[in-house]
Amino acid sequence: PQAFPMLVGDMDNSGSLNAQVLHLVAERIRTKAVFQTHQAKFVTWQFDGEYRGDDCTATLTLGNPDLLGESGEWDVVPPRPGCQARGGGASAEDCVVPAVILVAHFLQSVTSRLVLGGEMVYHRRPGEEGAILTLAGKYTALKWVATLNVGYGGAHASYYHRANEQVSV
């Protein structure tokens with residue numbers, strides 16, 4: 001059995017830190033926060049939330065460059081008089097929108113052998129915004145497993161076959 005919350009991290013000689021905080025909010029809901037610094041400068045963070053049902057799994061991930069230290073990518077939205085990015089005039093909250101990445105996954109067991117699901121990735125940074133949807137499926141037989149992912153980037157299929165106890169292809 002694991003104890004929660006759990007803090008895991010490592011720091012190198014230059015002071016760079018990689019840290020994770022894991023917490024089991026409820027029996028089926030787990031959260032994770034990941035923080036990274038480079039020397040004494042905050043680099044990035046990421047928050048994950050995961051739900052595990054009897055026959056489904058859903059996750060939501062939010063990642064962003066350094067919001068606190070203002071070293072991440074920012075965009076002025078919308079441009080208006082007196083609004084300057086990180087310079088002066090209006091406050092930063094009125095002028096800028098941080099770069100962001102949002103990822104959502106969902107997998108559902110349709111039968112004991114068939115799992116279907118999808119992933120949506122949304123990203124925004126200065127001058128660029130977009131979303132990509134990928135659909136996925138997995139079929140598990142007694143001696144083989146086949147998967148298929150179809151999305152904006154194309155399709156990817158895989159096949160695993162267990163020939164006998166010693167050989168898998």
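Let us look at the structure shown here. (Residues numbered from 1 in each chain as written. Predicted model: local features only at pLDDT ≥ 70, side-chain atom pairs only at ≥ 80, totals over all residues. Heavy atoms only, no water.)

Things to note about the side chain of aspartate 48
Structurally, the position occupied by aspartate 48 is in strand β4 (residues 41-52). Within polar-contact distance, the side chain of aspartate 48 engages the side chain of threonine 61 at 3.0 Å. Sequence-distant contacts of aspartate 48, defined by excluding residues within four places in its chain, comprise Arg30, Thr31, Lys32, Leu60 and Thr61. (Helix = DSSP H or I, 4+ residues; strand = E, 2+ residues; numbered from the N terminus. Polar contact = N/O pair within 3.5 Å; in protein donor to acceptor, adjacent residues only side chain to side chain. Contact = heavy atoms within 4.5 Å.)

A few points about the packing of aromatic side chains
This structure, assessed with the given rule, holds 4 aromatic pairs. Between the aromatic rings of tryptophan 45 and phenylalanine 47, the centroid separation amounts to 5.0 Å while the plane-to-plane angle is 50 degrees, which identifies the pairing as tilted. For phenylalanine 47, a relative accessible area of 40% gives the class partly exposed. Note on tryptophan 144 and tyrosine 159: the rings are 5.9 Å apart at their centroids and 35 degrees apart in plane angle, and the pair reads as tilted. With tryptophan 144 in strand β11 (residues 144-151) and tyrosine 159 in strand β12 (residues 154-161), the pair connects residues that are 15 residues apart, well separated along the chain. One aromatic cluster in this structure is built from Phe35, Trp45 and Phe47. (Phe/Tyr/Trp six-rings, centres within 6.5 Å; stacked < 30°, edge-to-face > 60°. Buried < 20%, exposed > 50% of the residue type's maximum accessible area, 1.4 Å probe, protein only.)

A look at the side chain of serine 16
Within the secondary structure layout, serine 16 lies in the loop between β1 (6-11) and β2 (17-26). Taking the relative accessible area as the measure of exposure, serine 16 reaches 11% and is therefore buried. At a separation of 3.4 Å, a polar atom in the side chain of serine 16 contacts the side chain of serine 14.

A few points about a nonpolar patch on the surface
Taken together, the side chains of Val25, Ile29 and Tyr51 present a nonpolar region at the surface, about 250 Å² in accessible area. Tracing the sequence through the fold places isoleucine 29 in strand β3 (residues 29-38). (Patch = residues over 30% accessible without salt bridge, like charges linked within 9 Å, V, L, I, M, F, W, Y side chains within 5 Å. Areas by Shrake-Rupley, 256 points an atom, 1.4 Å probe, with all protein chains shown as cover. Salt bridge = Lys/Arg side-chain N within 4 Å of Asp/Glu carboxyl O.)

Brief notes about the environment of phenylalanine 35
Structurally, phenylalanine 35 is set in strand β3. Sequence separation between phenylalanine 35 and valine 21 is 14 residues; the distance between their C-alpha atoms is 8.7 Å. Residues contacting phenylalanine 35, with those up to four places away along its chain left out, are Leu17, Asn18, Ala19, Phe42, Thr44, Trp45 and Phe47.

A closer look at the pairing of strand β8 (residues 100-109)
With 10 bridges joining them, β8 and strand β9 (residues 114-125) adopt antiparallel strand pairing. Paired with alanine 104 across the bridge in β9 is methionine 120. Taken together, β8 and the strand that follows it, β9, pair antiparallel across an intervening segment of 4 residues. (Pairing = 2+ DSSP bridges.)

A few points about the pattern of salt bridges
Under the criterion given, the structure shown has 4 salt bridges. Glutamate 50 is paired through a salt bridge with arginine 30; the nearest N and O atoms lie 3.4 Å apart. On the criterion of sequence distance, the pair formed by glutamate 50 in strand β4 and arginine 30 in strand β3 is long-range, its members being 20 residues apart. Salt-bridge contacts for arginine 52 lead to glutamate 50; the nearest nitrogen and oxygen are separated by 3.0 Å. One network of salt bridges, in which partners are shared, links Arg30, Glu50 and Arg52.

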